Amino acid sequence: MPEGAEGRAVDVALPLRLGRLTYRHRGALVPGARVVVPLKEKEKIALLLGEASSPPPDLKEVLSLLDKAPIVPPRLLEFLLWVAEFHLAPEGEVLKYALPASLFRQPKKKKLAPFEGPLLEKPPGSFEATLFFAEDVEERATFLLRKVRETLSGGEGGVLFLVPDRELLNFYRERLKDLSPLVYTGDLTPKKREEAWFAVLKGERRLVLGTRLALFLPFPKLDLLVVEEEEHHGYKQEEGFRGHFRDLALMRAQTEGARLFLSSAGPAVKSFYLAKRGKYHLERANPKNVPFTLVDLRSQKGLLSRKLLNRLRKVLARSKRALLFLNRLGYAPVLMCEECGHLWVCPRCQIPLRLLKAEGKLRCRICPYELKASPLCPSCGGGAPKPLGTGTERLAEILKTFFPEARAGFYGKPGWQEADFIITTARIPRFVEIPGLSLVAVVLADQLFTQSSYLAAERAYQLLKRLSLLSVRYPEAEFLIQTYRPSHHVFKGLRWGYEAFYQEELLFRYQQRYPPFGRLAELILRPAPKILEEVEEFSENFLKEKGLDYAGPLVESPRGNPRLFYLLRASRSGFLQGALRELKEALLARFGGRVRFVADMSPE
DNA sequence: AGCACGCCGACT
DNA sequence: GTCGGCGTGCTC
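Residues numbered from 1 in each chain as written. Chains lettered and ligands numbered in written order. Predicted model: local features only at pLDDT ≥ 70, side-chain atom pairs only at ≥ 80, totals over all residues. Heavy atoms only, no water.

**Q** Please clarify how the protein's contact with DNA strand B should be interpreted in this entry.
**A** DNA strand B sits among Leu 16, Lys 40, Lys 42, Lys 44 and Lys 96. Between DNA strand B and the protein, one listed contact pairs a phosphate oxygen with a side-chain N or O atom of Lys 96 at 3.4 Å. Counted by class, the surface near DNA strand B contains 1 nonpolar, no polar and 4 charged residues. (Near = heavy atom within 4 Å. Polar contact = N/O pair within 3.5 Å; in protein donor to acceptor, adjacent residues only side chain to side chain. Nonpolar A, V, L, I, M, F, W, Y, C, P; charged D, E, K, R; others polar.)

**Q** When you look at the sheet that holds strand β16 (residues 354–356) in this model, what are you seeing that I'm missing?
**A** The strands that make up a sheet are held in pairs by hydrogen bonds between backbone atoms, and each pair lies either parallel or antiparallel. Taken together, the 3 strands give an open sheet; going across it, the order is β16-β17-β18, and neighbouring strands pair in antiparallel fashion. Both outer strands of the open sheet, β16 and β18 (370–372), are each paired with one neighbouring strand and no more. Averaged over all pairs of adjacent strands, the angle between strand axes in this sheet comes to 25°, irrespective of strand direction. Of the pairings in the sheet, the one linking strand β17 (residues 361–363) to β18 comprises 3 bridges and is antiparallel in character. Across the sheet, Lys 361 pairs through a bridge with Lys 372, a residue of β18. (Pairing = 2+ DSSP bridges. Helix = DSSP H or I, 4+ residues; strand = E, 2+ residues; numbered from the N terminus. Axes fitted to C-alpha atoms, helices over the stretch in contact; angles between N-to-C directions.)

**Q** Would you take a moment to explain the domain arrangement of chain A for this structure?
**A** Under the domain assignment, chain A is made up of domain 1 (8–104), domain 2 (128–284), domain 3 (293–328 + 390–510) and domain 4 (519–600). Here the C-alpha centroids of domain 2 and domain 4 sit 34 Å apart. (Domains from an automatic or database assignment.)

**Q** Teacher, can you tell me more about the pattern of salt bridges here?
**A** A pair can form between side chains of opposite charge whenever their charged atoms are brought close. Following the criterion strictly, the structure yields 48 salt bridges and no others. One salt bridge connects Glu 238 with Lys 236, and the closest N-O pair in it is separated by 3.4 Å. Among the residues examined, Glu 238 registers a relative accessible area of 41% and is labelled partly exposed. With a relative accessible area of 5%, Lys 236 lands in the buried category. A network of salt bridges, in which partner residues are shared, links Arg 140, Asp 165, Glu 167, Glu 228, Glu 229 and Arg 430. (Salt bridge = Lys/Arg side-chain N within 4 Å of Asp/Glu carboxyl O. Buried < 20%, exposed > 50% of the residue type's maximum accessible area, 1.4 Å probe, protein only.)

**Q** I keep staring at the protein's contact with DNA strand C and nothing clicks. Help me out?
**A** If you check the shell around DNA strand C, you find Leu 18, Leu 21, Thr 22, Tyr 23, Pro 38, Leu 39, Lys 40, Lys 60, Ala 528, Asn 561, Gly 593 and Arg 594 and nothing else. Considering the 4 Å shell around the protein, atoms of DNA strand C inside it are sugar or phosphate in 58% of instances. Contact distances for DNA strand C include 2.7 Å between a base oxygen and a backbone N or O atom of Thr 22. Note that a phosphate oxygen of DNA strand C is positioned 3.2 Å from one of the backbone N or O atoms of Gly 593. Counting residues per element, the surface near DNA strand C draws most heavily on strand β2 (residues 21–25), which supplies 3 residues. Taken together, the residues that form the surface near DNA strand C break down as 6 nonpolar, 3 polar and 3 charged.

**Q** Please clarify how the packing of helix α1 (residues 74–86) against helix α6 (residues 245–256) should be interpreted in this entry.
**A** For any two helices packed against each other, the geometry is given by the interaxial angle and the distance between the axes. Look at α1 against α6: their axes get within 10 Å of each other, and the N-to-C directions meet at 145°. For the pair α1 and α6, the crossing hand works out as right-handed. Mapping the contact onto sequence places Arg 75, Leu 76, Glu 78, Phe 79, Trp 82 and Val 83 in α1 and Leu 248, Met 251, Arg 252, Thr 255 and Glu 256 in α6. Classifying every residue of the contact of α1 with α6 gives 6 nonpolar, 1 polar and 4 charged. (Left-handed = near helix turned anticlockwise from the far one by under 90°. Contact = heavy atoms within 4.5 Å.)

**Q** Sorry if this is basic, but what is going on with the environment of Pro 287 here?
**A** For Pro 287, the location among the structural elements is in the loop between β12 (281–284) and β13 (293–296). Judged by relative accessible area, which is 45%, Pro 287 ranks as partly exposed. Distance in space between the C-alpha atoms of Pro 287 and Leu 587 is 51 Å, their sequence separation being 300 residues.

**Q** Sorry, what's going on with helix α8 (residues 306–317) here?
**A** Count 3.6 residues to each turn of an α-helix, and residues three or four apart come out pointing the same way. Compared with the 16 Å implied by 1.5 Å per residue over 12 residues, the 16 Å span of α8 between its first and last C-alpha is a close match. Buried residues of α8: Leu 308, Leu 309, Arg 311, Leu 312, Val 315 and Leu 316, and no others. Around the axis of α8, the buried residues are gathered within 165° of arc, so they sit on the same side. Along α8, exposed side chains directed more than 90 degrees from the buried face belong to Arg 306 and Ala 317. Where α8 is buried, its residues touch β13, β14 (321–325), α9 (392–402), β21 (421–424), β22 (437–442) and β23 (478–483). After α8 finishes, the residue Ser 319 shows a positive phi value of roughly 55°. (Expected span 1.5 Å × (residues − 1). Arc of directions from axis to C-beta.)

Next comes the structure, spelled out in structure tokens:
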């Protein structure tokens, strides 16, 4: 609609799980500025996106234009809209996550402060991406900090340094102290987030250290974007729109014309592949291969091999300490009746309940369901429930039988710092100090390979690598791994270097058509309970007709609210995108708002 | 976000 | 019987 006495039709978005809405607007067209609009008899603050492409009739009017200049610069707005489109998410959903909530709230007493501008946005620089691969975090820090300093002193644009978690944030906060970075994380108060937003927008702060949502800050110009530990799953967002911020960072760097550094201790196979294919420059520090002892459990009985028992004996004899890694909580993952074969399962999720002996409970590992452990079988009334498999709790019990004099503790639980044997799951910090550590033992590596994600091997490699590097920090420490599959390529990687692992893993990905050779998407549908069967039939028909390769649906119904999960696979990403978009529209046409549609374009 | 509608547990 | 809990559907 052209501008005239009636004004023009414009699209706006509110920070809600809601797509764009269209209004009539007589004022100036300032995309990225806030406007006040009527919504259901109330006044709301929204973000002006731009002119509407196909305006419906009977529009309400924009009440006023709030800001003189955009609070979201044009390139950032373009990026945000792309993020929404890419994830098949409503614009408002992305907005809600990206911008401080306080920017859309009417202050209680005083009048709302408009942003006066001016808009400082500068022309983009030239995009360039590098994968920097160094096992040692100190080595990465040195390299990355040099890049940060060079960029800050060499240009006028901003530097954004992303970390995946709190621990690494603290590490880099310390290293960057003299450059006094703006620290931006999800747990800042809305007011603090707003202050930070404007400080960046006005060019007052050029260096930001933050977690993933800092990726949306409004730099007038961005020169350098660092994604430290790009392989870390902390970059994967699982609520709201589902996205991978490593991949989003690539897109942001492209739209901003920034230099991107993906920094890694053991790259995601996908990242290394892209680097090998020339999409990124590759900078590889000298590999650090840590010697280790591999124990073949097939020739042993029980979980504690002779070798491990010997080493533990030695640890005790020399008054040293051991870290025992077992990635399984509780006493046993499965409880079964030996008389009738009854299996204790979660009534909601239909998966075996885990036995927590000390608490006297059985608990589901997916949902919060729990059950008091009873000595009798509910099925046959017999008294022979048998725990199958070994968790950390049972490991402590077994250790006690071999070493009655030793103190065993669980990492993070009271008393662990005095323990001779420290038992831990994967949740072990990077920078943990364990004085006197002389053995790091992985009790059962196989659990790492059997996790259902296609990334299982990659994650196993990364975790074992991290443990190996932990062990070298203690000069006398030995690194020992027990497994039933000693020929697994993860061990080749640990012995000969990442590349040895990568070669074989890439072959597996190729054969199974997993990324980087195919694209996966997870589709999550949440129909109203009544129409569950109808929706299931409709979506399956659709997927079949489209010729999509899919698995599912997996149906879960926590508290009677059904969710359908499908895993889709295709060789071309455009095909998946298009099909999902069509399905979304078809579902909307058929069922209206009674089905919620969520697409995860990078499921793990 | 708010506001309205709708279906299952304790009560003046 | 009803009051009201939250789950969910809608907003140009």
